[in-house]
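Architecture at a glance
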Amino acid sequence: MNEKILIVEDDLNTLEGLAEILEHEKFAVSKAKNGKIALDEIKKSQFNIVLMDYLLPDKDGLEISRLILQQAPEIKIIMMTAFGSVKNAVEAMKLGIYDYLTKPIDLDELLIVIKRSIKEQQLISENIDLKEKLQQTYRFKNIIGVSGKMQEIFKKILKVANTEATVLIRGESGTGKELIARAIHYESSRASKNLVEINCASIPETLLESELFGHEKGAFTGAYKSKKGKFELAHKGTLFLDEIGELPLGVQAKLLRFLQDRIFTRVGGIENIEVDVRLIAATNKNLEQAMERSLFREDLYYRLNVIPITIAPLRERPEDIGPLIDFFIQKYSEKNQRSISGISQDTMNVLMQYKWPGNVRELENTIENAIVMTDSDRIDTTDLPAFLQSQITEESQSTVVMPEIGGHKESFKDQLVVCEREIIRRALKDAKGNKTHAARKLGFSIRTLRNKIRRLNLQY
Ligand SMILES: Nc1ncnc2c1ncn2[C@@H]1O[C@H](COP(=O)(O)OP(=O)(O)OP(=O)(O)O)[C@@H](O)[C@H]1O
Ligand SMILES: [Mg+2]
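First, a word on scope: everything that follows refers to the structure included in this document. Keep in mind that what you see is a predicted model, and the values were worked out from it rather than measured.

Brief notes about the overall build of the protein chain
When its secondary structure is counted, the protein chain shows 20 helices and 14 strands. Per-residue burial for the protein chain yields a buried fraction of 45% across its 460 residues. Look at the contacts in the protein chain between residues 6 or more apart in sequence, and 68% of them connect residues 24 or more apart. For the protein chain, the accessible surface area stands at approximately 24800 Å², while carbon and sulfur atoms represent 50% of it.

Right under this line is the structure:
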């Protein structure tokens, strides 16, 4: 869609001339020869930009601009003034006018200003979209965890989100540390401010300090301009220091100073900079071991570890596997425009028995892959990677686990009932009494399971 520009100018030659040029540049141009018409136009349609003459016959350009900005604050107004007086400029900027140009208008300059303002508008709207998207993505509904261990974490997130306390998130790779860090930010009162993330492991040691704390011009070879660091960019928001275990000792000292006094200096700078930043750190490293080897400062550890959150590996919370599988099936069927209804019982068994060394990330990749690979509307064992298929044992192929049956004669049908009862009892026991999970594991609907529990007189 073409950007819309309104030109407000009483000199008809200038008005027509500018309109012609901008139309040639593929803008959708409207014209107004006085303030009143301009205001009517603004009411009628949405403009990206208004090109405003300072001197108008009815009202002055500043006054019209003020009225326009009241109605549509996102509009970029570019003022054209014949005087170019500093006073006008200052007044204009105070009002929230985007920029001003002096007459006679330099057309190249005009086009540059217009393009820059459009770019900014796009960035702002993208940023709003992105923030809204992120806020949705990191609502709890997108962090799956039915296990007691995850429920505890959710409670903790809600408790600590609105405090200023530093959080240290720990857990093996792929357990969801980044997800939890984001949840804390988006649940906090800083949610509308920046969440700045930095991965301490991915930046060379020499650059890390300047990335974090910024640098002054000339601080080192190549520092042609002074630059803000992540701490300054995260002002009023949250800074997420990922892989904190990789932080070099020199930078650790500087971080400690920030945590103690909330101030720091840029690299090559002398001025103390104070920022309001909430810190969240994460690591999959054993920091205690690193401290013993003098690779991690003990005093920093205690400053960071104010609120520790430890995410258990997936193999220690198997109750989460089923719900995660459902979640990823839905997510990746949508993404790949497939309609996958579920997963076969055998496949479920294999996935439940596997130890998931790569945790949730590995499970997520496995499901995405299976969805891409499968020809059917249900994921089967053949859609799993070869190494997982090779884990299919007789036990995992069938839920029928024969119970010991006493020596007395029972009809075959009775034996069947005993088997059925035992299978359901075990499923309920494995699911710690959670009927939804037991039903999923058994391939029953929850209603069927309830009926069977009643009929078989099971104590659940
Ligand atoms: N509880 C969960 N619910 C839904 N998705 C999850 C959950 N935990 C992790 N994931 C997903 O698993 C993937 C890995 O998570 P994340 O990047 O947060 O892990 P990490 O602990 O930071 O890993 P690493 O140490 O390797 O950086 C992501 O795609 C994330 O969305
Ligand atoms: Mg991570």
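Let's pick the thread back up.
Observations concerning unusual backbone geometry
The omega torsion across K103 and P104 is -5 degrees, close enough to zero to call that bond cis. Here P104 is to be found in the loop between β5 (99-102) and α5 (107-137).

Some thoughts on the sheet that holds strand β11 (residues 278-283)
Read from one edge of the open sheet, five strands run β7-β8-β11-β6-β12, paired in parallel fashion. Of all strands in the sheet, those bounded by a partner on one side alone are β7 (195-199) and β12 (307-310). Averaged over all pairs of adjacent strands, the angle between strand axes in this sheet comes to 15 degrees, irrespective of strand direction. Relative to β12, strand β6 (residues 167-170) runs parallel, the two sharing four bridges. Across the sheet, residue R170 finds its bridge partner in β12, namely T310. On top of the sheet, helix α6 (residues 148-161) reaches β6, β11 and β12; it is set at about 155 degrees to β12, its chief contact.

Digging into the sheet that holds strand β3 (residues 49-53)
Consider a sheet: its strands pair through backbone hydrogen bonds, and that pairing is either parallel or antiparallel. An order of β2-β1-β3-β4-β5 is seen for the five strands of this open sheet, with the pairing classed as parallel. One side of each edge strand has no neighbouring strand; the edge strands of this open sheet are β2 (28-32) and β5. Neighbour-to-neighbour, the strand axes of this sheet turn through a mean angle of 20 degrees, independent of strand direction. Two strands pair when backbone bridges link them, and strand β1 (residues 4-8) and β2 are joined in this way by five bridges, in the parallel orientation. Note on β2: the bridge partner recorded for I7 is K31.

Here we look at the packing of helix α14 (residues 345-353) against helix α19 (residues 435-442)
Each pair of packed helices can be described by the angle between their axes along with the distance between the axes. With their axes 8 Å apart at the nearest point, α14 and α19 run at an angle of 120 degrees to one another. Compared by their axis directions, α14 and α19 come out oblique. The segment α14 lies against α19, with Q345, M348 and N349 engaging R440, K441 and L442. Taken together, the residues of the contact of α14 with α19 break down into two nonpolar, two polar and two charged.

Some points on the site of ligand 1
Taken together, 18 residues sit near ligand 1, with I144, S173, G174, K177 and E364 positioned nearest. Within the side chain of E364, one N or O atom sits 2.7 Å away from an oxygen atom of ligand 1. Here ligand 1, which alone exposes 630 Å², has 86% of that area covered by the protein. By residue class, the composition of the shell around ligand 1 is seven nonpolar, six polar and five charged. Each of two domains, domain 2 (138-312) and domain 3 (319-397), supplies a minimum of three residues to the shell around ligand 1.

Some details on the environment of R338
With respect to the helices, strands and loops of the structure, R338 is situated in the loop between α13 (321-335) and β13 (342-343). With relative accessibility at 27%, the residue R338 sits in the partly exposed group. Taking the C-alpha atoms as reference points, R338 and D377, 39 residues apart in sequence, are found 8.0 Å from one another. Among the polar contacts made by the side chain of R338, one reaches the main-chain carbonyl oxygen of T374 at a distance of 3.0 Å. Engagement of the side chain of R338 in a polar contact is seen with the backbone oxygen of S376, the distance being 3.3 Å.

Looking at the packing of α13 against α14
Two elements in contact, α13 and α14, have axes separated by 10 Å at closest approach and are oriented at 120 degrees. Regarding the angle of α13 to α14, the classification is oblique. For α13 against α14, the interelement crossing comes out right-handed. Between α13 and α14, the residues in contact are I321, G322 and I325 and M348, L351 and M352, respectively. Its residues placed into classes, the contact of α13 with α14 shows five nonpolar, one polar and no charged.

Description of the pairing of β3
Judged by how many residues are buried, β3 sits mostly within the fold: five of five residues are covered. Covered by surrounding structure in β3 are I49, L51 and D53 together with V50 and M52, the residues of both alternating faces. In the sheet, β1 pairs with β3 via four bridges, with the strands oriented parallel. Bridging across to β3, V8 finds its partner in M52. Where β3 meets strand β4 (residues 76-81), five bridges bridge the pair, whose relative direction is parallel. Following the sheet pairing, V50 is matched in β4 by I77. Handedness of the crossover is the feature at issue here: the chain leaves β3, passes through helix α3 (residues 61-71), returns alongside β4, and the resulting connection is right-handed.

Describing the pattern of salt bridges
Scanning the model with the defined rule gives 28 salt bridges in all. For E9, the salt bridge goes to K103, with nearest N and O atoms at 3.0 Å. Of the two residues, E9 sits in the loop between β1 and α1 (12-24) while K103 sits in the loop between β5 and α5, which places them 94 residues apart along the sequence. Exposure remark for K103: the relative accessible area of 26% places this residue in the partly exposed category. A salt bridge links E25 to K115; the nearest nitrogen and oxygen atoms lie 3.9 Å apart. A residue pair is termed long-range when its members are at least 10 positions apart, and E25 in the loop between α1 and β2 and K115 in helix α5 qualify at 90 residues. Beyond isolated ion pairs, a larger network of salt bridges with shared partners links E9, D53 and K103.

Calculation criteria
Residues numbered from 1 in each chain as written. Chains lettered and ligands numbered in written order. Predicted model: local features only at pLDDT ≥ 70, side-chain atom pairs only at ≥ 80, totals over all residues. Heavy atoms only, no water. Helix = DSSP H or I, 4+ residues; strand = E, 2+ residues; numbered from the N terminus. Buried < 20%, exposed > 50% of the residue type's maximum accessible area, 1.4 Å probe, protein only. Contact = heavy atoms within 4.5 Å. Areas by Shrake-Rupley, 256 points an atom, 1.4 Å probe, with all protein chains shown as cover. Pairing = 2+ DSSP bridges. Axes fitted to C-alpha atoms, helices over the stretch in contact; angles between N-to-C directions. Parallel < 35°, antiparallel > 145°, perpendicular 65-115°, else oblique. Nonpolar A, V, L, I, M, F, W, Y, C, P; charged D, E, K, R; others polar. Near = heavy atom within 4 Å. Polar contact = N/O pair within 3.5 Å; in protein donor to acceptor, adjacent residues only side chain to side chain. Domains from an automatic or database assignment. Left-handed = near helix turned anticlockwise from the far one by under 90°. Right-handed = clockwise from strand over helix to strand, strands pointing away. Salt bridge = Lys/Arg side-chain N within 4 Å of Asp/Glu carboxyl O.

Any functional reading would require information beyond the geometric quantities listed.
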